[in-house]
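Listed below, chain by chain, are the residues.
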Amino acid sequence: GTAQEKWILEAVLAQAPGSVVSIDAALAQAKLRTTTPLDPGELNAMLQPHGVQLELTSVTNGEGTELRMAIMPVYINTGDPVADQANYESALQAWMKGMQKDGPQSTDGQ
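Figured I'd write up the structure that's included with this text. Keep in mind that this is a model prediction, so the values were computed, not measured.

## Some remarks on the overall build of the protein
Then comes step 1: Per the secondary structure count, the protein includes three helices and four strands.
Then comes step 2: Secondary structure elements in the protein, listed N-terminal to C-terminal, are α-β-β-α-β-β-α.
Then comes step 3: Out of the 110 residues belonging to the protein, those deemed buried represent 27%.
Then comes step 4: Taking the contacts inside the protein whose residues are at least 6 apart along the sequence as the reference set, 42% of them involve residues at least 24 apart.
Then comes step 5: Total accessible area computed for the protein in this model is approximately 7000 Å², and 53% of it derives from carbon and sulfur atoms.

Structure below.
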């Protein structure tokens, strides 16, 4: 997997050991099944320094909880605002391009 996938797995498993995590990098989505309550703010605090943010998109209750999360780029301040903005915009454009390509499947409920 990618470094981004590794950071997501580490952050989730730090809060909820034994959870089942599935990451689809092509769709920029993660799916998690757990019986442990998660703190989305704490997850994102762990991930933002790596340029990753998880946004909860749905929750299904049953045996445990299933979370679906969008994996989004974030701005990383390295002290060089011009380069930081360029890097963020590039990551955001790549993310939006991927969402446009795959978005209709996820927005119509299928």
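## As for the packing of helix α1 (residues 3–15) against helix α2 (residues 40–47)
Then comes step 1: Contact pair α1 / α2: the axes reach a minimum separation of 10 Å and the direction vectors enclose 140°. Of the possible angle classes, the one that applies to α1 and α2 is oblique. Handedness of the α1/α2 crossing: right-handed. Judged by residue contacts, Trp7, Ile8, Glu10, Ala11, Val12, Ala14 and Gln15 of α1 engage Glu42, Leu43, Met46 and Leu47 from α2.
Then comes step 2: Of the residues assigned to the contact of α1 with α2, the class counts are eight nonpolar, one polar and two charged.

## Quick notes on α1
Then comes step 1: The terminal C-alpha atoms of α1, which comprises 13 residues, lie 19 Å apart, in line with the 18 Å expected from a rise of 1.5 Å per residue.
Then comes step 2: Among the residues of α1, Glu5, Ile8, Ala11, Val12 and Gln15 are the ones counted as buried. Mapping the buried residues of α1 onto a view down its axis gives an arc of 135°, with all of them on the same face.

## Here's the deal with the pattern of salt bridges
Then comes step 1: Summed over the entire model, instances satisfying the criterion amount to one salt bridge.
Then comes step 2: Lysine 6 serves as the salt-bridge partner of glutamate 10, at 3.6 Å between the closest nitrogen and oxygen. Of the two residues, glutamate 10 and lysine 6 both sit in helix α1, four residues apart, roughly one turn of that helix.
Then comes step 3: Here glutamate 10 falls in the partly exposed class, since its relative accessible area comes to 43%.

The rules we used
- Residues numbered from 1 in each chain as written.
- Predicted model: local features only at pLDDT ≥ 70, side-chain atom pairs only at ≥ 80, totals over all residues.
- Heavy atoms only, no water.
- Helix = DSSP H or I, 4+ residues; strand = E, 2+ residues; numbered from the N terminus.
- Buried < 20%, exposed > 50% of the residue type's maximum accessible area, 1.4 Å probe, protein only.
- Contact = heavy atoms within 4.5 Å.
- Areas by Shrake-Rupley, 256 points an atom, 1.4 Å probe, with all protein chains shown as cover.
- Axes fitted to C-alpha atoms, helices over the stretch in contact; angles between N-to-C directions.
- Parallel < 35°, antiparallel > 145°, perpendicular 65-115°, else oblique.
- Left-handed = near helix turned anticlockwise from the far one by under 90°.
- Nonpolar A, V, L, I, M, F, W, Y, C, P; charged D, E, K, R; others polar.
- Expected span 1.5 Å × (residues − 1).
- Arc of directions from axis to C-beta.
- Salt bridge = Lys/Arg side-chain N within 4 Å of Asp/Glu carboxyl O.

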